[in-house]
Amino acid sequence: MIWEKIKELEEKQQQLESQIQKLEEILKALPNGHLEIKEINGRKYYYLRYWEEGRLKSKYIGKNASEIESKLKQAFELRNQLSLLKQEKEKIDRILNRIYKIIDENING
């Protein structure tokens, strides 16, 4: 019974690792940063502001930023999901490490 539980934890750990990798790959294709709006003569101009190599950068998006807004929102939601998955994986890692340590101590006595 205990071995079945250990196997379940190990399988869950592998599933989480796979999900984390997939999310990280998706996030690489999405923009990082936030939108900044500058109003000049009553017209709005959109800029993407982000950090790169320790410096704050700015990229002009245009007068319409609806597409980039939706991508930024998606990236934000995926980063939150990624954070939760990493927390869950760390918890399982700690549990499995304790189990392995106990087993090793009992075997090597």
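The structure under discussion appears in the preceding block.
What you are looking at is a predicted structure, and each value in this text was computed from that prediction instead of being measured.

Trainee: Please explain the pattern of salt bridges as it appears in this structure.
Mentor: It is possible for side chains of opposite charge to pair when their charged atoms get near one another. All told, the structure shown has 8 salt bridges when counted by the stated rule. Measuring nitrogen to oxygen at the nearest pair gives 3.6 Å for the salt bridge that ties K12 to E88. One end of the pair, K12, is in helix α1 (residues 2–29); the other, E88, is in helix α2 (residues 66–108), with 76 residues separating them in the sequence. For K12, a relative accessible area of 32% translates into the label partly exposed. A relative accessible area of 33% places E88 in the partly exposed class.

Trainee: Mind showing me how you'd approach α2 here?
Mentor: For an α-helix the count is 3.6 residues per turn, leaving residues at separations of three or four pointing the same way. With 43 residues, α2 ought to run about 63 Å at 1.5 Å a step, and its terminal C-alpha atoms sit 62 Å apart, in line with that. Buried within α2 are the following residues: I68, L72, A75, L78, L82, L85, K89, I92, D93 and L96. Buried positions along α2 lie against α1, β1 (34–40), β2 (43–52) and β3 (55–62).

Cut-offs and rules
- Residues numbered from 1 in each chain as written.
- Predicted model: local features only at pLDDT ≥ 70, side-chain atom pairs only at ≥ 80, totals over all residues.
- Heavy atoms only, no water.
- Salt bridge = Lys/Arg side-chain N within 4 Å of Asp/Glu carboxyl O.
- Helix = DSSP H or I, 4+ residues; strand = E, 2+ residues; numbered from the N terminus.
- Buried < 20%, exposed > 50% of the residue type's maximum accessible area, 1.4 Å probe, protein only.
- Expected span 1.5 Å × (residues − 1).
- Contact = heavy atoms within 4.5 Å.

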